[in-house]
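Report on the structure
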Amino acid sequence: MPPSNPPRRRTQAERRERSLGAILDVATEILAREGYANFSSSRVAAQAGLSRGALEHYFPRRLELVAATCQHAMDQAVDETRRFAAGPERQEDPVSTFLAASEQFFFNPAYAAQIEILIASRADPDLAQMVFPIISDARRKLDEIWTQILTESGHSREAARRFIELSLHLMRGMFMVDTWLPYDMDRQRVIEDWRRIAPAALAAALTG
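Being a predicted model, the structure only gives us computed values, none of them experimental.

What follows is about a nonpolar patch on the surface. Taken together, the side chains of Ile119, Met176, Trp180, Leu181 and Tyr183 define a hydrophobic patch exposed on the protein surface, amounting to about 510 Å² of accessible area. Residue classification places Leu181 among the partly exposed positions, given a relative accessible area of 39%.

Structure follows, in structure tokens:
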């Protein structure tokens, strides 16, 4: 029996990318689960199985780690949205596909981490200067993906844009209620109600 080929050794670049991904995944989880006040480089290093020195090789300052975590979360959101947009459901029911993708985005640890970062940015101008462009750029890309899809399904660009804006405000509000406020909420019922009135909302956006 011929000898099996040994597994291919990862390149230095591949090892670095994998290490960075692991660090940023852990950082996202800590921000989402424990909040910005309990976030530290040493905590990230410990949970990622690294020494503090190894983590600081990638991110010498905590600020850089936070900004990279924000970028990582938004990059993942854009990639996931592109996968949604390429799926067969897009052709069958683009509005429902958009709402399902939006729900996944807003009720995900990455979004909770983003909110923690944004709240911290109010008291930290340096952090705000780093993360605001990241979030704004990602939001622009996400909105453009869905605007294009709804336009291709027969809606005007302005109607699509306004419907997306309304939907995202709805999702943000539900996230706040679900995460922090002492109210009971049937999220699926609310989303289903919004999905049912979507044609009217799109028509109103067109004529309003």
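There is more to say after this.
What follows is about helix 7 (residues 109-121). Relative to the 18 Å expected for 13 residues at 1.5 Å per residue, helix 7 spans 18 Å between its end C-alpha atoms, a close match to the ideal helical length. Within helix 7, burial applies to Ala110, Tyr111, Ala112, Ala113, Gln114, Ile115, Glu116, Ile117, Ala120 and Ser121. Where helix 7 starts, the residue carrying a side-chain oxygen 2.8 Å from the main-chain nitrogen of Ala110 turns out to be Asn108.

With that settled, the discussion passes to the nonpolar core. Formed by 58 residues in total, the largest nonpolar core has its most connected members in Phe39, Val44, Leu65, Leu127 and Phe163. Among all residues touching Leu127, those that are not within four sequence positions of it are Tyr36, Leu63, Val66, Ile117, Ala120 and Ser121.

Turning our eyes to something else, we now look at the packing of helix 7 against helix 8 (residues 125-152). Look at helix 7 against helix 8: their axes get within 8 Å of each other, and the N-to-C directions meet at 140°. One finds that helix 7 runs oblique with respect to helix 8. Relative to helix 8, the crossing made by helix 7 is left-handed. Between helix 7 and helix 8, the residues in contact are Gln114, Ile117, Leu118, Ala120 and Ser121 and Pro125, Leu127, Ala128, Val131, Phe132 and Ile135, respectively. Within the contact of helix 7 with helix 8, the residues separate by chemical class into nine nonpolar, two polar and no charged.

So, how was this worked out
Residues numbered from 1 in each chain as written. Predicted model: local features only at pLDDT ≥ 70, side-chain atom pairs only at ≥ 80, totals over all residues. Heavy atoms only, no water. Patch = residues over 30% accessible without salt bridge, like charges linked within 9 Å, V, L, I, M, F, W, Y side chains within 5 Å. Areas by Shrake-Rupley, 256 points an atom, 1.4 Å probe, with all protein chains shown as cover. Salt bridge = Lys/Arg side-chain N within 4 Å of Asp/Glu carboxyl O. Buried < 20%, exposed > 50% of the residue type's maximum accessible area, 1.4 Å probe, protein only. Helix = DSSP H or I, 4+ residues; strand = E, 2+ residues; numbered from the N terminus. Expected span 1.5 Å × (residues − 1). Polar contact = N/O pair within 3.5 Å; in protein donor to acceptor, adjacent residues only side chain to side chain. Core = buried A, V, L, I, M, F, W, Y, C linked by side-chain atoms within 4.5 Å. Contact = heavy atoms within 4.5 Å. Axes fitted to C-alpha atoms, helices over the stretch in contact; angles between N-to-C directions. Parallel < 35°, antiparallel > 145°, perpendicular 65-115°, else oblique. Left-handed = near helix turned anticlockwise from the far one by under 90°. Nonpolar A, V, L, I, M, F, W, Y, C, P; charged D, E, K, R; others polar.

Functional significance is not addressed by these values, which are geometric in nature.
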